[in-house]
Structure formats: structure tokens, C-alpha cells
Amino acid sequence: MPSTETVAEPLVSLRDLHLSFGNNSVLKGIDLDVHRGQAVSIIGPSGSGKSTILRCITGLLQPQRGSIRVGTTEVHTLAQEAQRIELRKRVGFVFQQYNLFPHLSVLENLVIAPRKVLGRNRIEAEKDARALLAKVRMEHKADAYPGQLSGGQQQRVAIARALAMRPELILFDEVTSALDPETVGEVLTVIRELTEEGMTCVLVTHEMRFAEEISDIVYFTEHGVIVEHGSATQIFQHPTSERTQEFLRHALGDPGRRPPIANDPYLLSNLSRYSLSV
Ligand SMILES: Nc1ncnc2c1ncn2[C@@H]1O[C@H](COP(=O)(O)OP(=O)(O)OP(=O)(O)O)[C@@H](O)[C@H]1O
Ligand SMILES: [Mg+2]
């Protein structure tokens, strides 16, 4: 029976993206789609190009070939910094290093960009900021300074700060990798809640179980290409590529099939490759 459903355009669409740094070819033909309301994860070994993909989406890097579309903006054609700043108002980006303004209180960190960039008035911007702090369970620290907070608390404030710009989507680049293990969970909880509310998110993460749990679609990258993509169940439970299987075996650990013995030559030869990313 022919379907009468209209298939929505993706919010983000990358096609045949190629990018090199000098003669280091980093992206070699990336195709990637993110639909509104989806949580999309990008996983893969260190140096495979994951952060580079996110930086292309925000216009921080210009590919040599291919196209990047965010909504109706053809990002690869933007020639002026002012146009890229416009784009970044719509695309939140949270990094491993939270980069809060150290001389501003938590509340002021959330209020400054909506006031200066979006021209919102103080009362409204503060009201929104307090609501967002409550959402990330940081309202009790509104008057504290970043230096007085734990890493996990700072990262939750950084997420609230990104949300204060009311972005169409948020990119998360390894946001928990610099945190103490006990604060990782509180940040992941905030991200999980955002995805449940239908915020469009692209996550680069080494938290494989988390990626499996919250992602609608997972992309596995290696050496600047997408080796495989599909639903979280497909990629984590039934990966078709041997490379994906091998990566997940290491990332998730598989004592049943491969005991982690110290002198395992396979493990040793691959250690440097995987240790940074998993
Ligand atoms: N600004 C830059 N100048 C030159 N080379 C760069 C730059 N940024 C990244 N690269 C190189 O591009 C490649 C991909 O880097 P990228 O940061 O995208 O990898 P990644 O998949 O995010 O790795 P990781 O898991 O370690 O964060 C690497 O070889 C890196 O050295
Ligand atoms: Mg990276």
C-alpha cells in the first residue's frame, strides 16, 4: 500500500563532507542526517573525525568539499563570520571543557548571551535562567561562581547556558570525559531528560551504554568515514561491520569472548588506538 505519510526533511544534513588539515585527510565523504527531536550519537576511535564533524555543523570549520545544511541554512556557503555567528545562535555546543565565564555568577553566565546577543530584557532573561537552572537542578547555586562548583555542576550549568539561547539543536562533545566518575551520572541524567523532552541532540560520547540507551540513531566513524549507522539496537546488538563489532568489543568489554589479559598481543597492539576514546 503506498504511504501517504510525508517524510520530514532532516534538520541537519551532511553530504559527502571532505575536510583536510594540510595533507591530513580527516573527513573523507561523510553523510549524516539528524531529524527534529532525534538523539543521534557519533561513536568511534580517537582521531576518527567525530569532533571535526560537530565543528563543521556549527560553521567553525569549512570543508573543502560537500554540503552542510542546518534548517534552511547552507552552512558550507557562509562566507562571513557574522553569518556564522547567526548560525551559532541556533546551534548550542557543549564541550568537554565547560568554559563558563569564571568572573560571572552562575545566573549571570546564563543571562549574558540572551541579553547581549538576543537583546532580551533582564527580567525575562533572569526568569528563564532560573527555570533552566531548576531544570538541571542547580537553582541553589545561582549566586555561586564557577570556581566554587564541582565539574559535574559546572557542566550542568554549561548545558543550561546553551539552552538559554533556545537553540534548535544541541551538540555535545564528550561532555563527561573530564568528570569524576561520581558526577558523570548527574550530567547524563540531564542529557537523557533533554532527549526525552524531544530536544534535538547530537552526541559524541565514549559512554557506550548511555549512547545505546538514549540514541535514536548511532553513527560509527573510523578514519574519517561512516563505517555503519542505524538504530541503537542495530548498531549495538547486531552490528554488520567487523570494524564496528571489534570497536564495541573493546569499548564495552567482552570478558566472555576475550579475557583482558595483560600480555594479550591483540590488546597491546590496539591499546593506543582505543585508550583515548573508550
Ligand atoms: N585544528 C586542527 N588542526 C590540525 N589537525 C587537526 C585539527 N583538529 C583536528 N585535527 C586532526 O584531525 C583528526 C580528527 O580529529 P578529531 O578531533 O575530529 O577526532 P575525534 O574523533 O574527535 O577524536 P577524540 O575521540 O580523540 O576526541 C586528528 O588526526 C586530529 O589530529
Ligand atoms: Mg573529539
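Residues numbered from 1 in each chain as written. Chains lettered and ligands numbered in written order. Predicted model: local features only at pLDDT ≥ 70, side-chain atom pairs only at ≥ 80, totals over all residues.

Going by the annotation in an unreviewed UniProt entry, the name recorded for the protein chain is ATP-binding cassette domain-containing protein, with Pseudomonas karstica given as the source organism. Of the comments in the UniProt record for the protein chain, the one headed Subcellular location (unreviewed entry) reads "Cell inner membrane". As its UniProt record puts it under Sequence similarities (unreviewed entry), the protein chain is described as follows: "Belongs to the ABC transporter superfamily." (UniProt positions renumbered as here; feature names shortened; annotations may be inferred.)

Quick word on the overall build of the protein chain
From N to C terminus, the protein chain includes ten helices and ten strands. Residues counted as buried form 37% of the 278 residues belonging to the protein chain. Residue pairs at least 24 apart in sequence account for 64% of intrachain contacts in the protein chain once pairs closer than 6 positions are excluded. (Helix = DSSP H or I, 4+ residues; strand = E, 2+ residues; numbered from the N terminus. Buried ≥ 20, exposed ≤ 12 C-beta atoms within 10 Å, placed from the backbone. Contact = placed C-beta atoms within 7 Å.)

Section: the site of ligand 1
With respect to spatial proximity, twelve residues lie near ligand 1, and among them Phe21, Ser46, Lys50, Ser51 and Thr52 are the closest. Elements with a contribution of two residues or more to the shell around ligand 1: β2 (24-34) and α1 (50-57). By residue number, the principal contributor to the shell around ligand 1 is α1, which donates three residues. Residue classes in the shell around ligand 1 are distributed as three nonpolar, eight polar and one charged. (Near = placed C-beta within 6 Å. Nonpolar A, V, L, I, M, F, W, Y, C, P; charged D, E, K, R; others polar.)

A word on the sheet that holds strand β8 (residues 200-204)
Strand pairing in a sheet is mediated by backbone hydrogen bonds. Such pairs are either parallel or antiparallel. On the basis of which strands lie adjacent, the open sheet formed by six strands has the order β6-β7-β8-β3-β9-β10 and mixed pairing. At either end of the open sheet lies a strand with only one pairing partner, and these are β6 (91-94) and β10 (225-231). Strand-to-strand, the axes of this sheet are offset by a mean angle of 15°, without reference to chain direction. Two elements, strand β9 (residues 217-222) and β10, share six bridges in a ladder whose sense is antiparallel. Residue pairing in the sheet places Val218 in a bridge with Gly230 of β10. (Pairing = 2+ DSSP bridges. Axes fitted to C-alpha atoms, helices over the stretch in contact; angles between N-to-C directions.)

Topic: the packing of helix α5 (residues 151-163) against helix α6 (residues 181-196)
α6 packs onto α5 with a crossing angle of 15° between their chain directions and a minimal axis gap of 8 Å. It follows from the interaxial angle that α5 and α6 lie roughly parallel. In this structure, α5 meets α6 at a crossing whose hand is right-handed. Packed against α5, whose contacting residues are Gly151, Gly152, Gln155, Arg156 and Ile159, the element α6 presents Thr183, Glu186, Val187 and Val190 at the interface. Classifying every residue of the contact of α5 with α6 gives three nonpolar, four polar and two charged. (Parallel < 35°, antiparallel > 145°, perpendicular 65-115°, else oblique. Left-handed = near helix turned anticlockwise from the far one by under 90°.)

With respect to the pairing of β6
Note on strand geometry: in a regular strand, side chains alternate between the two faces of the sheet. Burial of the side chains of β6 extends over both faces: Val91 and Phe93 are buried on one face and Gly92 and Val94 on the other. For β6 and strand β7 (residues 169-173), the ladder comprises four bridges, and the chain directions are parallel. The partner of Phe93 across the bridge, within β7, is Leu171.

Overview of the pairing of strand β4 (residues 65-70)
Two elements, strand β1 (residues 12-21) and β4, share five bridges in a ladder whose sense is antiparallel. Its bridge partner lying in β4, Val12 is registered against Val70. Direction of pairing for β4 relative to strand β5 (residues 73-74): antiparallel, over a ladder of two bridges. Residue Arg69 lies in a different strand from β5, and its bridge partner there is Glu74. Joining the antiparallel neighbours β4 and β5 is a turn of two residues, in which Gly71 adopts a positive phi near 60°.

Some remarks on unusual backbone geometry
Phi is positive for Arg166, which is not a glycine, with a value near 50°. Of note, Arg166 is situated in the loop between α5 and β7. The backbone phi angle of Glu174 is positive, close to 50°, even though this residue is not glycine. Examined against the element boundaries, Glu174 turns out to sit in the loop between β7 and α6.

Describing the environment of Thr176
Take Thr176: it is sitting in the loop between β7 and α6. Look at Thr176 and you get buried, because 23 C-beta atoms sit within 10 Å. Spatially, the C-alpha atoms of Thr176 and His206 are 8.7 Å apart, while their sequence positions differ by 30 residues. Apart from the residues lying within four places of it in its own chain, the contact partners of Thr176 are Val184, Val187, Leu188 and Glu207.

A short note on the sheet that holds β5
With antiparallel pairing, four strands are arranged side by side in an open sheet as β2-β1-β4-β5. Sheet topology places β2 and β5 at the edges, where each strand pairs with a single neighbour. Together, β1, β2 and β4 form the strand contacts of α1, whose direction differs from that of β2 by roughly 65°.

So, α6
The end-to-end C-alpha separation of α6 is 23 Å, in line with the 22 Å expected for 16 residues at 1.5 Å each. Residues of α6 that are buried sit in contact with β3 (39-43), α5, β7, β8 and α7 (208-214). The first or second residue beyond α6 is Gly198, which carries a positive phi of 95°. (Expected span 1.5 Å × (residues − 1).)

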